[in-house]
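Chain by chain, the residues:
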6 protein chains.
Amino acid sequence: MNEKENNTNLQLTHINDQGRAHMVDVINKAPTERRAIARAEIEMSEATLVRIKEGGIKKGDVLAVAQVAGIMAAKKTSDMIPLCHPLPLTGVDLLFSFLDPTTLRIEAEVRTFGSTGVEMEALTAASISALTVYDMCKAIDRAMTIRFIGLMEKSGGQSGLFVRQSEE
Amino acid sequence: MNEKENNTNLQLTHINDQGRAHMVDVINKAPTERRAIARAEIEMSEATLVRIKEGGIKKGDVLAVAQVAGIMAAKKTSDMIPLCHPLPLTGVDLLFSFLDPTTLRIEAEVRTFGSTGVEMEALTAASISALTVYDMCKAIDRAMTIRFIGLMEKSGGQSGLFVRQSEE
Amino acid sequence: MNEKENNTNLQLTHINDQGRAHMVDVINKAPTERRAIARAEIEMSEATLVRIKEGGIKKGDVLAVAQVAGIMAAKKTSDMIPLCHPLPLTGVDLLFSFLDPTTLRIEAEVRTFGSTGVEMEALTAASISALTVYDMCKAIDRAMTIRFIGLMEKSGGQSGLFVRQSEE
Amino acid sequence: MNEKENNTNLQLTHINDQGRAHMVDVINKAPTERRAIARAEIEMSEATLVRIKEGGIKKGDVLAVAQVAGIMAAKKTSDMIPLCHPLPLTGVDLLFSFLDPTTLRIEAEVRTFGSTGVEMEALTAASISALTVYDMCKAIDRAMTIRFIGLMEKSGGQSGLFVRQSEE
Amino acid sequence: MNEKENNTNLQLTHINDQGRAHMVDVINKAPTERRAIARAEIEMSEATLVRIKEGGIKKGDVLAVAQVAGIMAAKKTSDMIPLCHPLPLTGVDLLFSFLDPTTLRIEAEVRTFGSTGVEMEALTAASISALTVYDMCKAIDRAMTIRFIGLMEKSGGQSGLFVRQSEE
Amino acid sequence: MNEKENNTNLQLTHINDQGRAHMVDVINKAPTERRAIARAEIEMSEATLVRIKEGGIKKGDVLAVAQVAGIMAAKKTSDMIPLCHPLPLTGVDLLFSFLDPTTLRIEAEVRTFGSTGVEMEALTAASISALTVYDMCKAIDRAMTIRFIGLMEKSGGQSGLFVRQSEE
């Protein structure tokens, strides 16, 4: 379950005095080392998952393309998410694992040294990587479904460490 | 549950003779009217959902930003998804609904007249719109989670009509 | 002066049934030859204008850069203007003239064969070209001012021919 | 009126030794806090302005879209203006006001900590925001005209504070 | 050797009446099937080439990344080459071969149905793919050199078939 | 000739533990002044080269467009080269020279203050500039050929100074 925070007094920081969206000024936040890990999970038929796994030992590799797509998407995050600050990322990586016979898990890790966090970069990398898997396999399994996209961990900055509570 | 297709004889169409990824040539596919609807669902705390709903009657509107983000993302799909064909989209729309006290549903519909489908455009619009909601609300609810991204319906082209089977 | 139209019954076409922005579907509009001409005028000091003019006979040519910037901007219009349809432009040109000792005029013409007009492409080309002139000359004249950006002429499509009425 | 500067000895800094355009090296300029405010004014029919104002209290909000467009454009400035340095912006905001019954004013403020100013980012944000208003209203008022785009204020860097002299 | 054409009477088509660059209007050219093949050849140390070849049988595949980079670059060609028309490509493929112990050859094929050729798309795909190989191997062989980039074949359109004459 | 390095123990740094591509984390590399110079050479017919040279004294200047294209490409490098870090470039310049009656040489210099080098930016600028020359002249000389693209010099960072050994 989702944690229920008492957020009565918290502000939606992306809203300006006219009540419209703005890109919050972070000029007074000292730059620190930032890291975020996001995860996406895709459910598919067993046959599709087998085909993707085989790709791992042949050259025609669905995951190699999904890897590149995720890395490039991380770099374009501020171009896609309207109020997201542009950041010179220092590192991006994606790892793939097979959770069970019908689930592919993608974990994206992004790092930078900057004044804002890289949650959105990690989430965008994981999401676009998952959509790329869908694109490459949709001819054989159009009902593939993304069942989870979420932030797993984040460190750096004033809000400190965040670690997602276990879902079990 | 996910439908299990018998896909033994089906091809991953995005793989060339060298076993690498390519952008399949669609020059011989006659252009037809294409439509796709994709859906994303975000789970959040009740307090966050209330804040988003309030935005709908004030000016500072999370969903207005998520709407624009989704439309712009649809147009950039072929820039994000490596093997996706560029298509001159004829229409893009997103609709928002509150499924229950902790779930926001985003439905993206994309249309074109072309030689390939617009599933990826609809899925990308819904995904980026959902990530934009996360971005704007993450200061008050970092554990917001995307619980579903999937294709709901698609028409046009050789593969004909696809309608996702009910999950219940 | 600006024409005052009676637009009580006209619709803001970019608004969907939920009252939000969408990209209007144009799939049923037959493609026709489209052309639009937009104009931008920049006021500057006489000395700045002389420097730009000189560039026209030397190699270091402010206008050559502004020309390329305008053409490239026309191609990126649908990436900048949220509800604008992507269109495969068939031609883009910009012409420069010196209206008086302190005014540079830029006229951008854009053509396509498509289902929507190219007004936004012509306006974006003229605007970005003008901003490029500002960028290259701002070190010597920071108060340069764009005094006019407007559509001059448009043809093709259901709304037919538009020609801006003379301002004098 | 435009200020007339004596610029005989000033250089067009964007010109290299071959007389061609280049992106000036700023590696030796110490980074400082930078801020710029730019303004755009759009003249339209009274009926159009009323429709935009109404949007401010309903959900279908022309200005909400123009706001997002301006923010995203600020982030793409160095992609549009050929000789402009890429900068990691720390904040972007746009404010709208109705100057008189036929004039909408857009004011864009951009901030960064860097080696070059953010004039071009503020000007691009204001310009693209104004063009977005045009795009959303052109079906009801094709003769809408941008009557002013200019830098209002800039601080930070060697050239120090610039404040536009009043035009009255 | 390069063929020497008698081009005294031929026009540089990208120059307008003011002697400046423009994007030539192609609205009157009937769309036809277009195909272009371009080639890039990279010279490197034998040890580097062996490392790249090994990648072909392991998962860490330099060529898989270069493949994706080439395909994505083809789609961005009109964004990079100022006077190039935007085209909805129907297919893109890249093939790799090892010409001799120190030379990697990349061949890019691009197809569309349109009013202009796809030479620039094929050349851009081959070039960016080659630069990606350089990027991934530069830590072990900084002196890698691209020794050839050229158009090999092109068909469709008024100028008809072009086949590069053998260099031997 | 290409230098043959003994690279048995060197790592392809862009490969992660799963054997896939990643963007190497550079957060622990101290930022330093970085500079890189890359070169591209294009062989063409004598008549084509004469036409380009003439452009240098008239306004319709092939090289002015190629200059702008190269500068803009440098800024988009991390968008094109998948594993390349985004960097806020401080300076970009291109110089053109005529090596012999059939060869145009383009030299691109890029500078930054950062944690990674700018080799890829300089190589991308030179390559896209060369392709732009091809695009503008292809109507009169389709067999124009890029005979060389390589890094000439690089300074800054741990690997220190690199100067390409003379080829004669």
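Residues numbered from 1 in each chain as written. Chains lettered and ligands numbered in written order. Predicted model: local features only at pLDDT ≥ 70, side-chain atom pairs only at ≥ 80, totals over all residues. Heavy atoms only, no water.

In the annotation of an unreviewed UniProt entry, the entry for chain A reads Cyclic pyranopterin monophosphate synthase, and the organism field reads Sulfoacidibacillus thermotolerans. According to UniProt, the comment filed for chain A under the heading Subunit (unreviewed entry) is "Homohexamer; trimer of dimers." Per UniProt, chain A has the following entry under Function (unreviewed entry): "Catalyzes the conversion of (8S)-3',8-cyclo-7,8-dihydroguanosine 5'-triphosphate to cyclic pyranopterin monophosphate (cPMP)." (UniProt positions renumbered as here; feature names shortened; annotations may be inferred.)

Caption draft 1: Focus on the overall build of chain A. Secondary structure assignment for chain A yields four helices and five strands. Listing each helix as α and each strand as β along chain A from the N terminus yields β-α-α-α-β-β-α-β-β. Here chain A holds 168 residues, and the buried ones make up 66% of them. In chain A, the proportion of contacts linking residues at least 24 apart, taken out of those at least 6 apart, comes to 70%. Per element, the accessible surface of chain A, about 5,800 Å² overall, is 50% carbon and sulfur. (Helix = DSSP H or I, 4+ residues; strand = E, 2+ residues; numbered from the N terminus. Buried < 20%, exposed > 50% of the residue type's maximum accessible area, 1.4 Å probe, protein only. Contact = heavy atoms within 4.5 Å. Areas by Shrake-Rupley, 256 points an atom, 1.4 Å probe, with all protein chains shown as cover.)

Caption draft 2: Here's a closer look at helix α4 (residues 119-137) of chain C. Here α4(C) contains 19 residues, and its C-alpha end-to-end distance of 27 Å stays within 8% of the 27 Å for a straight helix at 1.5 Å per residue. In terms of burial, α4(C) is a largely internal element, 19 of the 19 residues being buried. (Expected span 1.5 Å × (residues − 1).)

Caption draft 3: Spatial organisation of the pairing of strand β3 (residues 103-114) of chain E. Residue and element names in this part refer to chain E. Sheet topology note: the strand β1 (residues 32-43)/β3 ladder contains twelve bridges and is antiparallel. Pairing of Ile37 across the sheet is with Glu109, part of β3. Hairpin connection between strand β2 (residues 91-100) and β3: a loop of two residues separates the two successive antiparallel strands. (Pairing = 2+ DSSP bridges.)

Caption draft 4: Structural detail: the UniProt feature "binding site: substrate" (unreviewed entry) in chain A. Per the UniProt record, "binding site: substrate" (unreviewed entry) is found at A:Leu83, A:Cys84, A:His85, A:Met120 and A:Glu121. Across 39 residues, the annotated set stays spatially compact, with a maximum C-alpha separation of 12.5 Å. Mapped onto the secondary structure, A:Leu83 falls in the loop between α3 (77-80) and β2 (91-100). Apart from residues lying up to four places away in sequence, A:Leu83 is in contact with A:His14, A:Ala21, A:His22, A:Met23, B:Val65, B:Asp135, B:Met136, D:Ile71 and D:Lys75. Accessibility expressed as a relative area gives 2% for A:Met120, which makes it buried. Once residues within four sequence positions are removed from consideration, A:Met120 is found in contact with A:Thr77, A:Ile81, A:Cys84, B:Leu131, B:Tyr134, B:Asp135 and B:Lys138.

Caption draft 5: Expanded view of helix α1 (residues 46-55) of chain D. All of the buried residues along α1(D) are D:Thr48, D:Leu49, D:Arg51, D:Ile52 and D:Gly55. For α1(D), the buried positions fall inside an angular range of 155 degrees around the axis, keeping them on one side. (Arc of directions from axis to C-beta.)

Caption draft 6: Up close: the nonpolar core. Ranked by size, the top nonpolar core spans 312 residues in total, and within it A:Val133, B:Val133, C:Val133, D:Val133, E:Val133 and F:Val133 carry the most contacts. When sequence neighbours within four positions are dropped, the list of residues in contact with E:Val133 reads E:Ile42, E:Ile52, E:Val62, E:Leu63, E:Ala66, E:Leu104, E:Ile106 and E:Met144. (Core = buried A, V, L, I, M, F, W, Y, C linked by side-chain atoms within 4.5 Å.)

Caption draft 7: Expanded view of the packing of aromatic side chains. A full pass over the atoms with the stated rule returns zero aromatic pairs over all chains. For A:Lys53, the ring lying beneath its charged end belongs to A:Phe98, and the centroid distance is 5.1 Å. (Phe/Tyr/Trp six-rings, centres within 6.5 Å; stacked < 30°, edge-to-face > 60°. Lys NZ or Arg CZ within 6 Å of the ring centre and 35° of its normal.)

Caption draft 8: Spatial organisation of the packing of helix α4 (residues 119-137) of chain A against helix α4 (residues 119-137) of chain B. The interhelical angle for the contact between α4(A) and α4(B), taken along N-to-C directions, is 165 degrees, at an axis separation of 11 Å. Looking at the two axes, α4(A) sits roughly antiparallel to α4(B). α4(A) and α4(B) meet at a crossing whose hand is right-handed. Along its contact with α4(A), which presents A:Met120, A:Leu123, A:Thr124, A:Ser127, A:Ile128, A:Leu131, A:Tyr134 and A:Asp135, the element α4(B) presents B:Met120, B:Leu123, B:Thr124, B:Ser127, B:Ile128, B:Leu131, B:Tyr134 and B:Asp135. Here the residues of the contact of α4(A) with α4(B) sort into ten nonpolar, four polar and two charged. (Axes fitted to C-alpha atoms, helices over the stretch in contact; angles between N-to-C directions. Parallel < 35°, antiparallel > 145°, perpendicular 65-115°, else oblique. Left-handed = near helix turned anticlockwise from the far one by under 90°. Nonpolar A, V, L, I, M, F, W, Y, C, P; charged D, E, K, R; others polar.)

Caption draft 9: Region of interest: the pattern of salt bridges. Following the criterion strictly, the structure yields 72 salt bridges over all chains and no others. Across the pair B:Arg105 and B:Glu41 runs a salt bridge, and its minimum N-O distance is 2.9 Å. Of this pair, B:Arg105 sits in strand β3 (residues 103-114) while B:Glu41 sits in strand β1 (residues 32-43), and the two are 64 residues apart along the sequence. Accessibility assignment for this pair places B:Arg105 and B:Glu41 in one class, buried. Among the ionic contacts, a cluster of salt bridges with common partners joins A:Asp25, D:Arg35, D:Glu109, D:Arg111 and D:Glu153. (Salt bridge = Lys/Arg side-chain N within 4 Å of Asp/Glu carboxyl O.)

Caption draft 10: Geometry of the confidence of the model for chain A. All names here are of chain A. Averaged over chain A, the pLDDT score is 88; the fraction of residues at 70 or greater is 88%. Here helix α1 (residues 46-55) stands out as the element of chain A with the lowest mean pLDDT, 90, in contrast to α3, whose mean of 98 is the highest. Predicted confidence for residues 1-9 stays below pLDDT 50, and this span has 28 contacts to residues more than four positions away or in other chains. Interface confidence for the predicted complex, given as ipTM, is 0.93, next to a pTM of 0.93. (pLDDT = per-residue confidence, 0-100.)

Caption draft 11: Looking closely at the environment of B:Lys76. One can find B:Lys76 in the loop between α2 (62-75) and α3 (77-80). Judged by relative accessible area, which is 5%, B:Lys76 ranks as buried. Each C-alpha atom of the pair B:Lys76 and B:Val62 lies 21 Å from the other, and the pair is 14 residues apart in sequence. Leaving out residues up to four positions away in the same chain, B:Lys76 has contacts with A:Asp79, A:Met80, C:Asp79, D:Met72 and D:Lys76.

Caption draft 12: Molecular detail of the environment of E:Lys76. Excluding residues within four positions of it along the chain, E:Lys76 makes contact with A:Met72, A:Lys76, B:Asp79, F:Asp79 and F:Met80. Here F:Asp79 takes part through its backbone oxygen, which lies 2.7 Å from a polar atom of the side chain of E:Lys76. (Polar contact = N/O pair within 3.5 Å; in protein donor to acceptor, adjacent residues only side chain to side chain.)

Caption draft 13: Layout of the side chain of A:Arg39. Residues and elements named next belong to chain A. The topology assignment puts Arg39 in strand β1 (residues 32-43). There is a polar contact of 2.8 Å between the side chain of Arg39 and the side chain of Glu107. The contact partners of Arg39, leaving out residues within four places of it in the chain, are Arg105, Ile106, Glu107, Ala126, Phe148, Ile149, Gly150 and Met152.

Caption draft 14: Fine view of the state of the cysteines. The tally for this structure, following the rule as stated, stands at zero disulfides over all chains. Cysteine C:Cys84 shares no disulfide, and the gap to the nearest cysteine sulfur, in D:Cys137, comes to 14 Å. Residue classification places C:Cys84 among the buried residues on the basis of a relative accessible area of 6%. (Disulfide = S-S within 2.5 Å.)

Caption draft 15: A look at the side chain of C:Glu43. The topology assignment puts C:Glu43 in strand β1 (residues 32-43). A distance of 2.8 Å separates the side chain of C:Glu43 from the side chain of C:Arg147, its partner in a polar contact.

Caption draft 16: Structural view of the environment of F:Ser155. Residues and elements named next belong to chain F. Note on placement: Ser155 falls in strand β4 (residues 145-155). Counting along the chain gives 84 residues from Ser155 to Ile71, while the straight-line C-alpha distance between them is 20 Å. Residues contacting Ser155, with those up to four places away along its chain left out, are Glu33, Arg34, Arg35, Gly160 and Leu161.

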